[in-house]
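Listed below are the residues making up each chain.
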Amino acid sequence: GNSVTQMEGPVTLSEEAFLTINCTYTATGYPSLFWYVQYPGEGLQLLLKATKADDKGSNKGFEATYRKETTSFHLEKGSVQVSDSAVYFCAQSGGYQKVTFGTGTKLQVIP
Amino acid sequence: NAGVTQTPKFQVLKTGQSMTLQCAQDMNHEYMSWYRQDPGMGLRLIHYSVGAGITDQGEVPNGYNVSRSTTEDFPLRLLSAAPSQTSVYFCASSYPDRGGEQYFGPGTRLTVT
């Protein structure tokens, strides 16, 4: 079946450091891929998406590129801020509505 | 535009009690779903609905019931609460042709003792 695997956290970085959170997926066909962010005490919010191979999603300085050859969708940001501290979820949607989420990666950014 | 709202925010139940978690959205989304979030397990789909009068089971439906009488509301019923149902519950909605782009409510933290 479809699945999403993302790196375990927590990830702790200093402010202005470079961020990478790895995400790989298994799917039949070509799903759409997403990154969601969850701030403490809140629900998930869509951060960015990519719907086909080689698409790059971007938002708020975060980027991720849909790599079909490596079945990956790694999240990157060039310079993290304390306000980026949150849990990040990678997800895929292949069928009509079904969304498969990864287990989440907690990011903590220290000043 | 309130988006997706959930009530209550917190709830404590005793084993065997029943309750309903409320979810409403004002974006005219046809698709709505319920997830539970547990540490180390991400989000797991409980039930979902593709429109009023239509519901279906997700990955972990046992012990839960849903109905969808209107486009706006999608309540989740716990029939007889068990400690294994201690979790954070999220409701989400989306347009039918953009299922991956879900709008989430703020969640209900449920503890069953």
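Residues numbered from 1 in each chain as written. Chains lettered and ligands numbered in written order. Predicted model: local features only at pLDDT ≥ 70, side-chain atom pairs only at ≥ 80, totals over all residues. Heavy atoms only, no water.

Turning our attention to the sheet that holds strand 8 (residues 62-65) of chain A. All names here are of chain A. Spatial strand order, 3-9-8-7: four strands in an open sheet with antiparallel pairing. Because the sheet does not close on itself, it has two edges, and the strands there are strand 3 (19-21) and strand 7 (56-59). Pairs of neighbouring strands in the sheet enclose a mean axial angle of 20°, with direction left out of account. (Pairing = 2+ DSSP bridges. Helix = DSSP H or I, 4+ residues; strand = E, 2+ residues; numbered from the N terminus. Axes fitted to C-alpha atoms, helices over the stretch in contact; angles between N-to-C directions.)

On the side of chain B, 22 residues touch chain A, which itself brings 18 residues to the contact. Carbon and sulfur atoms make up 57% of the area that chain A and chain B hide from each other, which totals about 1,500 Å². Linking chain A with chain B are one salt bridge. Across the pair B:Glu101 and A:Lys49 runs a salt bridge, and its minimum N-O distance is 2.3 Å. Taken together, the connections running from chain A to chain B amount to three residue pairs in polar contact (both at pLDDT 80 or more). Counting only elements with at least two residues in the side of chain A that touches chain B, the list comes to strand 5 (32-38), strand 6 (44-50), strand 10 (86-93) and strand 11 (99-101) of chain A. (Contact = heavy atoms within 4.5 Å. Buried area = accessible area lost by both parts, 1.4 Å probe. Salt bridge = Lys/Arg side-chain N within 4 Å of Asp/Glu carboxyl O. Polar contact = N/O pair within 3.5 Å; in protein donor to acceptor, adjacent residues only side chain to side chain.)

Turning next to the nonpolar core. Ranked by internal contacts, the top residues of the largest apolar core, which has 24 residues, are A:Trp35, A:Leu47, A:Leu48, A:Phe73, A:Leu75 and A:Tyr88. Sorting the residues of this core by element identifies strand 2 (11-14), strand 3, strand 4 (23-26), strand 5, strand 6, strand 8, strand 10 and strand 12 (105-110) of chain A as the ones contributing at least two each. Sequence-distant contacts of A:Leu48, defined by excluding residues within four places in its chain, comprise A:Leu33, A:Phe34, A:Trp35, A:Gly57, A:Ser58, A:Asn59, A:Phe62, A:Glu63, A:Ala64, A:Phe73 and A:Leu75. Counting 20 residues, the second-largest nonpolar core is a separate cluster that includes B:Met19, B:Met32, B:Ile46 and B:Val66. (Core = buried A, V, L, I, M, F, W, Y, C linked by side-chain atoms within 4.5 Å. Buried < 20%, exposed > 50% of the residue type's maximum accessible area, 1.4 Å probe, protein only.)

Attention now goes to the pairing of strand 6 (residues 54-57) of chain B. Residue and element names in this part refer to chain B. Note: strand 5 (residues 42-51) against strand 6, three bridges, orientation antiparallel. Bridging from a neighbouring strand, Tyr-48 pairs with Asp-56 of strand 6. Hairpin connection between strand 5 and strand 6: a loop of two residues separates the two successive antiparallel strands, and Gly-53 in this loop has a positive phi of roughly 85°.

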